[in-house]
Amino acid sequence: MRYAMVIDTLKCVGCSDCVVACQTENNVPIGYCRDWITETVDGSYPNIVMELKSERCNHCDNAPCVRCCPTGASHIVDGGIVLVTPNECIGCGACIESCPYDARFQHPDGYVDKCTFCHHRLENGQLPACVSVCPTKCMYFGDLDNPNSEVSQLLKNRKHKTLAPEAGTNPHVFYLI
């Protein structure tokens, strides 16, 4: 199994419900976030295109944050989820610098924190908090290795992209365009 998230940029309205759900579910300190909304505007009047999307750790197959971690605190678990073990993290910040998605932050308690795809919820058969609260249902989550899963079908049938493909990380967050 390889978990993946698919986000439909044509349905996202930038409401930030995913951000608030994550902060609440994971007790993220005020002023920090594990996911965020970006707005990109391209073109010039009258041909302007705006894209809203929810971004986070991309849970990469080839994760530079895992390779550079001196203690092994950053690691990949079953399903391809990249996690940080707080009590093993020395807070050196090497993983923060190596992430091409700017998806990690220094937690006030001294360790590096990031999106976990709500690993604790997955273990209980639940979807990540961000996916479960999205009012436009623009976020999908599932197994890339299952060709019949909703995420696999969406990627098969819709045009999509990943962020920073030139980084060679093989991310597991995809954006339908």
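Please refer to the structure higher up on the page.
The numbering scheme is per chain: residues are counted from 1 as the chain's sequence reads. Reporting of local features is limited, given that this is a predicted model, to residues whose pLDDT is at least 70; pairs of side-chain atoms are given and counted only at 80 or more, and all residues count toward the totals for whole chains, interfaces and linings. The side-chain quantities take in all heavy atoms of the structure and omit both hydrogens and water.

Draft legend 1. Examining the side chain of Asp 35 more closely. If you trace the backbone, Asp 35 turns up in strand β2 (residues 35-44). Exposure remark for Asp 35: the relative accessible area of 2% places this residue in the buried category. A polar contact of 3.1 Å, which involves the side chain of Asp 35, links it to the side chain of Arg 56. The contact criterion used throughout is that any non-hydrogen atoms of two residues lie within 4.5 Å. Setting aside anything within four residues of it in sequence, one finds Asp 35 in contact with Cys 18, Val 19, Cys 22, Ser 54, Glu 55, Arg 56 and Cys 130. The numbering of helices and of strands both runs from the N terminus, where a helix is a DSSP run of H or I of at least 4 residues and a strand a run of E of at least 2. Buried, partly exposed and exposed residues are distinguished by accessible area as a fraction of the type maximum, computed with a 1.4 Å probe on protein chains only: under 20%, between the cut-offs, and over 50%, respectively. What qualifies as a polar contact is a pair of N or O atoms within 3.5 Å, subject to a donor-acceptor requirement within protein and to the restriction that residues adjacent in sequence count only when both atoms come from side chains.

Draft legend 2. Main features of the packing of aromatic side chains. Here a pair means two rings of Phe, Tyr or Trp (six-membered ring of Trp) with centres within 6.5 Å. Their orientation is stacked below 30 degrees between planes, edge-to-face above 60, and tilted elsewhere. The full count for this structure, using the stated rule, is three aromatic pairs. Judged by centre distance (4.9 Å) and plane angle (80 degrees), the ring pair of Phe 117 and Phe 141 falls under edge-to-face. Of the two residues, Phe 117 is situated in the loop between β7 (112-113) and α4 (119-122) and Phe 141 in strand β8 (residues 139-143); the sequence distance between them amounts to 24 residues. Both residues of the pair, Phe 117 and Phe 141, count as buried. A network of ring pairs unites the aromatic residues Tyr 3, Phe 117 and Phe 141 as a single cluster.

Draft legend 3. Quick peek at the sheet that holds strand β10 (residues 173-176). Should DSSP find at least two bridges between two strands, the strands are regarded as paired. The strand order across the open sheet built from four strands is β8-β1-β10-β9, with neighbouring strands paired in mixed fashion. Each having just a single partner strand, β8 and β9 (160-161) make up the two edges of the open sheet. By the bridge criterion, five bridges tie strand β1 (residues 3-8) to β8 in an arrangement that is antiparallel. From the neighbouring strand, Tyr 3 faces β8, where its bridge partner is Asp 143. Sheet strands touched by helix α6 (residues 150-157): β1, β8, β9 and β10. Its angle to β8, the strand with the most contacts, is close to 110 degrees. Working convention: axes come from line fits to C-alpha atoms, limited for helices to the stretch in contact. Angles between N-to-C directions cover 0 to 180 degrees.

Honestly, that's just the spatial picture; any functional story needs more than this.
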